[in-house]
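# Architecture and fold: a report
One letter stands for each residue in the lines below.
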Amino acid sequence: RDLALAIAEYAPGAEVVAAGHVWRSAGLKVLPERRLEETRYFECDCGTVVTARGTNEITECSGCGQAVQRGMRRYIRPEFGFVTSDEKPRRSGTRRPERQYASRIAFESYVGGAAPEFIERWPGLRIGRPLVGRFLTINKGRGVGFRLCQDCGFAEPVILALRRSRSREHRRPHGGMCRGQLTWGVDLGHDFLTDVLELRIDPALAPFPSNWASIAYAILEGVTQALGIRREDLNATWRRGRDDNGCVFLYDAVPGGAGHVARIYEHMPNALAEALRRVSECSCEETTSCYECLRSFGNQRFHTQLSRGVAKTFLESVLGVAAVA
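Residues numbered from 1 in each chain as written. Predicted model: local features only at pLDDT ≥ 70, side-chain atom pairs only at ≥ 80, totals over all residues. Heavy atoms only, no water.

### Comments concerning the packing of aromatic side chains
Taken as a whole, this structure holds ten aromatic pairs when the rule is applied. Between phenylalanine 107 and phenylalanine 135, the ring centres sit 5.4 Å apart and the planes meet at 75°, which makes this aromatic pair edge-to-face. Of the two residues, phenylalanine 107 sits in strand β8 (residues 106–110) while phenylalanine 135 sits in strand β11 (residues 131–139), which places them 28 residues apart along the sequence. Exposure class is identical for phenylalanine 107 and phenylalanine 135. Each is buried. Put simply, the rings of Phe107, Tyr110, Phe135, Phe192, Phe249 and Tyr251 pair up and form one aromatic cluster. Here arginine 121 stacks its cationic end above the ring of tyrosine 265, 4.8 Å away from the centre of that ring. (Phe/Tyr/Trp six-rings, centres within 6.5 Å; stacked < 30°, edge-to-face > 60°. Helix = DSSP H or I, 4+ residues; strand = E, 2+ residues; numbered from the N terminus. Buried < 20%, exposed > 50% of the residue type's maximum accessible area, 1.4 Å probe, protein only. Lys NZ or Arg CZ within 6 Å of the ring centre and 35° of its normal.)

Here it is in structure tokens:
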């Protein structure tokens, strides 16, 4: 699996069904004399994640400019993968496997400190030229991180460890006991570079993050229909900008980019028109959404926030289309 998905699906404590059995992740794969590097990061209320690499310090959010007023967290990139324990897997049944959930993918920065040139093609919506950006996704282990041994690879969510024992001694994933140093409260993270297209939304038209989510997924659905791009090859994230506008980032889901956002930039009028058609012709209530308009398997965590009516009203305003009663 791509590491952005693996840190959720295969994280320590998670269960995976394969060959009729349930396998439980027991830790991270570690290599002799190759410690997994820890990276400090700050997660801002605006939706931006900023990392401090090396000795660099973070004083303010690069997205909204807010000063850092709370503690930093740490994440480890599980670059060698995950391991199961030596315990015999149980047969799968009706009980749903345990899952760990990563945060949504957040935009961090443009590569090389570049900033896109924005063009206002439509009232209330500005579009930036495609660039390469860095994105980050984090698994916080149910909110309080994991405890991890870099000697043997043992790891588990801290919340589970507190229910059992705080003893330093722990069981190695492949059998036997270990007294290696345990690191508490560390998250799992993965960052990657890909092509990104930024859209800036006038706060007078859409002031809330839930509005930006509805607009982002409407445009994504319009793009895939208008340009014939697979929905799995594109994704979106958003944050609040320095002037309170909504910043929506459309990006190639393939790390390194696949050239899709460059096509979107050139054919955005067709994409917006198709997005409006999709949210206008759907039969679900405008206060909600369905799989025929905004919902997909990949945005399940946002289903309760998505509103077909919000996306429809915004697109009508931007394209200058009068609402039809």
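### What about unusual backbone geometry?
Outside of glycine, negative phi angles account for most residues, and trans bonds account for most peptide bonds. A positive phi angle is found at alanine 19, which is not glycine, with a value near 55°. Looking at the secondary structure, you find alanine 19 in the loop between β1 (15–18) and β2 (21–28). Despite not being glycine, aspartate 244 has its phi angle at roughly 70°, a positive value. Mapped onto the elements, aspartate 244 comes out in the loop between β17 (234–240) and β18 (246–252). Taking relative accessible area as the criterion, aspartate 244 reaches 43% and is therefore assigned partly exposed.

### Here we look at a negative patch on the surface
On the surface, a cluster of negative charge is made up of Glu120, Asp202, Asp243 and Asp244. Residue placement: glutamate 120 occurs in strand β9 (residues 118–122). (Patch = residues over 30% accessible without salt bridge, like charges linked within 9 Å, V, L, I, M, F, W, Y side chains within 5 Å. Areas by Shrake-Rupley, 256 points an atom, 1.4 Å probe, with all protein chains shown as cover. Salt bridge = Lys/Arg side-chain N within 4 Å of Asp/Glu carboxyl O. Lys, Arg positive; Asp, Glu negative; His and termini not counted. Charge placed at Lys NZ, Arg CZ, Asp CG, Glu CD.)

### With respect to helix α6 (residues 308–319)
Side chains of residues three or four places apart in an α-helix project in the same direction, reflecting 3.6 residues per turn. Its twelve residues give α6 an end-to-end C-alpha distance of 16 Å, which sits within 8% of 16 Å, the value for a rise of 1.5 Å per residue. Inspection of α6 places Arg308, Gly309, Ala311, Lys312, Phe314, Leu315, Glu316 and Val318 among the buried residues, and these make up the whole buried set. On the buried face of α6, the contacting elements are β9, β10 (125–128), β16 (182–201), α3 (209–227) and α5 (268–281). (Expected span 1.5 Å × (residues − 1). Contact = heavy atoms within 4.5 Å.)

### Digging into the pattern of salt bridges
Under the counting rule described, the total for this entry stands at 17 salt bridges. A salt bridge links lysine 140 to glutamate 43; the shortest N-O distance between them is 2.5 Å. With a gap of 97 residues between them, lysine 140 in the loop between β11 and β12 (146–149) and glutamate 43 in strand β3 (residues 38–43) connect regions that are remote in the sequence. Linking glutamate 281 and arginine 277 is a salt bridge whose minimum nitrogen-to-oxygen distance equals 2.8 Å. Of this pair, glutamate 281 and arginine 277 both sit in helix α5, four residues apart, roughly one helical turn. The network of salt bridges with shared partners includes Glu15, Arg24 and Arg90.

### A short note on the packing of α3 against α6
For the pair α3 and α6, the least separation of the axes is 8 Å and the interaxial angle reads 75°. Considering their axes alone, α3 and α6 lie roughly perpendicular with respect to each other. Contacts from Asn211, Ser214, Ile215 and Ala218 of α3 reach α6 at Val310, Ala311, Phe314 and Leu315. (Axes fitted to C-alpha atoms, helices over the stretch in contact; angles between N-to-C directions. Parallel < 35°, antiparallel > 145°, perpendicular 65-115°, else oblique.)

### Some thoughts on a nonpolar patch on the surface
Judged by side-chain polarity, Val111, Val132 and Leu193 come together as a nonpolar surface patch covering roughly 200 Å² of accessible area. The topology assignment puts valine 111 in the loop between β8 and β9. A relative accessible area of 40% places valine 111 in the partly exposed class.

### As for the nonpolar core
Counting residues in each nonpolar core, the largest one holds 43 residues, and the members touching the most others are Leu250, Ile264 and Met268. The biggest single contributor to this core is α3, with ten residues. Other than its neighbours up to four places away in sequence, leucine 250 contacts Asp195, Val196, Leu197, Leu199, Ile219, Leu220, Asn235, Ala236, Val261, Ile264 and Met268. In this structure, Leu28, Ile76, Phe146 and Leu148 belong to the second largest nonpolar core, which totals 14 residues. (Core = buried A, V, L, I, M, F, W, Y, C linked by side-chain atoms within 4.5 Å.)

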